[in-house]
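A structural walkthrough
Now for the letters of each chain:
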Amino acid sequence: MHNQIDTIADGAFACVDTSYRDPRIYLSNNLLENIPNDIAKNTNIRLFIHDNPLVCDCNMVIPLNFADPKAKCEAPHQMRHVKLAELIGEDITCVEEIGFIRAS
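If you're wondering where the values come from, they're calculated on a predicted model, not measured in any experiment.

Further remarks concern the confidence of the model for the protein chain. Per-residue pLDDT for the protein chain averages 77, and the proportion of residues at 70 or more is 76%. Looking over the protein chain, one finds the lowest element-wise mean pLDDT in helix α1 (residues 37-40), namely 72, and the highest in strand β4 (residues 73-75), namely 90. Note that pLDDT drops below 50 for residues 98-104; the model gives that stretch zero contacts with residues more than four away or on any other chain.

Taken as a whole and assessed by the stated rule, the structure comprises one aromatic pair. Relative to F48, the ring of Y26 lies with its centre 4.7 Å away and its plane at 10 degrees, an arrangement referred to as stacked. Taken as a pair, Y26 in strand β1 (residues 24-26) and F48 in strand β2 (residues 46-48) lie far apart in primary sequence, 22 residues in all.

A few words now on the environment of E74. Along the chain, E74 turns up in strand β4. Non-local contacts of E74, meaning those with residues more than four positions away in its chain, are made with P53, L54 and R80. In this structure the side chain of E74 is engaged in a polar contact, spanning 2.8 Å, whose partner is the side chain of R80.

Formed by 19 residues in total, the largest nonpolar core has its most connected members in L27, I35, L47, I49, C56, M60 and L84. Those residues in contact with M60 that sit more than four places away from it in its chain are E33, N34, I35, L54, V55 and L84.

Now for the side chain of S28. Its location among the elements puts S28 in the loop between β1 and α1. The buried category is assigned to S28, whose relative accessible area is 10%. A polar contact is formed between the side chain of S28 and the side chain of H50, at a distance of 3.0 Å.

The rules behind each value
- Residues numbered from 1 in each chain as written.
- Predicted model: local features only at pLDDT ≥ 70, side-chain atom pairs only at ≥ 80, totals over all residues.
- Heavy atoms only, no water.
- pLDDT = per-residue confidence, 0-100.
- Helix = DSSP H or I, 4+ residues; strand = E, 2+ residues; numbered from the N terminus.
- Contact = heavy atoms within 4.5 Å.
- Phe/Tyr/Trp six-rings, centres within 6.5 Å; stacked < 30°, edge-to-face > 60°.
- Polar contact = N/O pair within 3.5 Å; in protein donor to acceptor, adjacent residues only side chain to side chain.
- Core = buried A, V, L, I, M, F, W, Y, C linked by side-chain atoms within 4.5 Å.
- Buried < 20%, exposed > 50% of the residue type's maximum accessible area, 1.4 Å probe, protein only.

Structure follows, in structure tokens:
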């Protein structure tokens with residue numbers, strides 16, 4: 001575990017100067033469950049996020065310029081160990097859980 005970062009606010013990387021050749025952000029080995037939308041939608045930044053407990057559901061935005069071949073989903077169970085690179089351009093469907101009604 002590196003810095004144990006579990007949350008990154010939208011806009012946290014708004015000041016990244018994308019005019020530099022090949023800008024990269026390394027967030028590997030932390031506690032991130034999702035990719036901040038502003039990073040995911042920025043096609044100029046290459047993102048490295050392997051070894052995080054990523055939740056790959058319909059709320060995740062996967063960057064089209066995704067560069068980390070080692071990044072894998074941790075949850076939900078049916079997505080566990082699927083590489084994010086395999087999901088680029090795919091729609092991930094969320095299915096609402098069916099709750100149980102307790103009889104009184």
